[in-house]
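# Understanding the architecture of this molecule
Chain by chain, the residues run as shown.
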Amino acid sequence: MRLLSRRHFLVGTGAALATGGRARAKPSVSGIAANEIKLGTTAFYSGPASGSAAYGLAQAAYFRMVNDRGGINGREVNFISLDNAFNPAKALEQTRRLVEADEVFAIAGSIGTPTNAATQKYLNDRGIPNLFLTSGAERFNDPIAFPWIVPFYPTFISRGILFAKFVLRERPRGRIAVQYENDDFGRDYLKGFERGLGDRAQQMIVRKTSHELTEASIDAQIMDLKSAGADVLVQFTQAKYSAQGIRAAAALGWHPLHIVAIGSAGSTFVPAGAAASKGVVTAIWERQPTDPTQANEIAVVDYRAFATKYLPNVDLDNLSAVSGYDNACMIELVLKRCGDDLTRENLLRLATSLNGETPPMFMAGIGARNSPRDYRAIHHLQLARFDGVGLAPIGRPEPIDGGD
């Protein structure tokens, strides 16, 4: 990994990034040669969301591991990851570079809602797959208008609906305060939550407040939400703000049924304080590598070995790295299935016909299934409660998006 003077951050895993590389014949499909598959993506290596930089680093590390094992069907993966600084205009600029200058075969699992929205039309118009992008915004599941844009993770709306159903079970007469991030992420969560509450939403939600990603602290908002007399606190925001909310509520002596959209032992509950976090509820689909209850799972043992070798400078608590690892694994799987039929049409066909495949760090009972008519791939989520040490599952994985 090296910082270049071309005003972008590049992570390379293939021989094409080495000096003095061998001359290659021009491939008949952009990004494909007899011994190479060239993939590209953009990620947040700087800017307000740089806490998720581990996602892109894990993708690059995974493909280094793939190359160390001999590549994909004998081809080495040349993986180029550029910094978009969580800026939509920058994301489009860097994606254009990947397509027009680097001539990548596909965009591999790019992360972020506003950044993917900025490139959606550009990539689709050119027939460039954005394969298994990481965002829960519903706008990306549109096989008719945007067939080349393939999302992977569960929608924010479906997650909001799941939390609403949980509240109706646990606190049917609850008074709910909602804090949400003022962007597509937070607004979609809120939309799903209100949809899940149905005609009870207006009665049960006593206060709603939003915040910007640029805000240093949300403590004053937590105080305001408590003053509304709520006994349920729901935060549809990033992990650092969830941690702030947990600490602020504890400092106020407020102990509501507390739900956070993004919760992990390392990035949310431990920073907030184990005692203050005890009882907080979230929803997960990926295993947490530092959760002691998962320590002996083969997938976790393998992930920790991978991280030790290929991501030594990334904290094991960083779940963005887990998502990048799972994402790269699924891309590898689809490329393997392509065999020597490495066309974008075949890649799209195989990427949209998953039938129960399970990424390595997914929770038991949660697999991936999609179709050319509905690109949503994850149809179950696991509710979990922090017990002071790790995340204890609440029942079994629950269906979302019409899953069964």
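Residues numbered from 1 in each chain as written. Predicted model: local features only at pLDDT ≥ 70, side-chain atom pairs only at ≥ 80, totals over all residues. Heavy atoms only, no water.

## Focus on the overall build of the protein chain
A tally of helices and strands in the protein chain yields 13 helices and 18 strands. A globule of 404 residues ought to have a C-alpha radius of gyration of about 22 Å, and the protein chain, at 21 Å, matches this closely. When its C-alpha atoms are laid out on the principal axes, the protein chain stretches across 70 × 40 × 40 Å. The burial tally for the protein chain puts 58% of its 404 residues in the buried class. (Helix = DSSP H or I, 4+ residues; strand = E, 2+ residues; numbered from the N terminus. Rg over C-alpha atoms; globule rule 2.2 N^0.38 Å. Buried < 20%, exposed > 50% of the residue type's maximum accessible area, 1.4 Å probe, protein only.)

## As for the confidence of the model for the protein chain
Counting all residues, the mean pLDDT for the protein chain is 90, and 92% of those residues have values of 70 or more. A low-confidence stretch, residues 1–11 stays under pLDDT 50, and its non-local contacts, those more than four residues away or across chains, total 32 contacts. (pLDDT = per-residue confidence, 0-100. Contact = heavy atoms within 4.5 Å.)

## A short note on the pattern of salt bridges
Per the stated rule, a full pass over the model turns up 13 salt bridges. The residue Lys-90 makes a salt bridge to Glu-93 at a minimum N-O spacing of 3.6 Å. Separated by 3 residues within a single helix, Lys-90 and Glu-93 lie in helix H2 (residues 88–101), roughly one turn from each other. Using a relative accessible area of 16% as the deciding quantity, one classes Lys-90 as buried. Across the pair Lys-121 and Asp-125 runs a salt bridge, and its minimum N-O distance is 2.7 Å. (Salt bridge = Lys/Arg side-chain N within 4 Å of Asp/Glu carboxyl O.)

## Thoughts on the packing of aromatic side chains
In total, this model carries 20 aromatic pairs according to the counting rule given. Relative to Tyr-189, the ring of Phe-156 has its centre 5.5 Å away and its plane inclined at 25 degrees; by these criteria the two rings are stacked. Placement of the pair is Phe-156 in helix H4 (residues 156–170) and Tyr-189 in helix H5 (residues 184–197), with a sequence separation of 33 residues. On the accessibility criterion, Phe-156 (5% relative accessible area) is buried. (Phe/Tyr/Trp six-rings, centres within 6.5 Å; stacked < 30°, edge-to-face > 60°.)

## Some details on the pairing of strand S4 (residues 36–43)
In summary, the side chains of a regular strand alternate between the two faces of the sheet. Taking burial as the measure, the 8 residues of S4 include 8 buried ones, the bulk of the element. Here S4 shows a buried face lined by Glu-36, Lys-38, Gly-40 and Thr-42 and a second buried face lined by Ile-37, Leu-39, Thr-41 and Ala-43. In terms of strand pairing, strand S3 (residues 32–33) meets S4 through 2 bridges, oriented antiparallel. In the strand pairing of S4, Ala-33 is matched with Glu-36. Hairpin connection from S3 to S4: 2 residues lie between these consecutive antiparallel strands. Sheet topology note: the S4/strand S5 (residues 76–83) ladder contains 8 bridges and is parallel. Note on S5: the bridge partner recorded for Glu-36 is Glu-76. Handedness of the crossover joining S4 and S5 through helix H1 (residues 53–68): right-handed. Alignment of S4 against strand S6 (residues 106–108), held across 2 bridges, turns out to be parallel. The residue bridging Leu-39 from the neighbouring strand is Ala-106, located in S6. (Pairing = 2+ DSSP bridges. Right-handed = clockwise from strand over helix to strand, strands pointing away.)

## Topic: helix H12 (residues 319–338)
The terminal C-alpha atoms of H12 lie 29 Å apart, and with 20 residues this matches the ideal 28 Å at 1.5 Å per residue to within 8%. Burial analysis of H12 places 16 of its 20 residues in the buried class, the great majority of the element. If you check the start of H12, you find a side-chain oxygen 3.0 Å away from the backbone N of Ser-320, and it comes from Asn-318. With its phi angle positive at about 60 degrees, Gly-339 sits one or two positions after the end of H12. (Expected span 1.5 Å × (residues − 1). Polar contact = N/O pair within 3.5 Å; in protein donor to acceptor, adjacent residues only side chain to side chain.)

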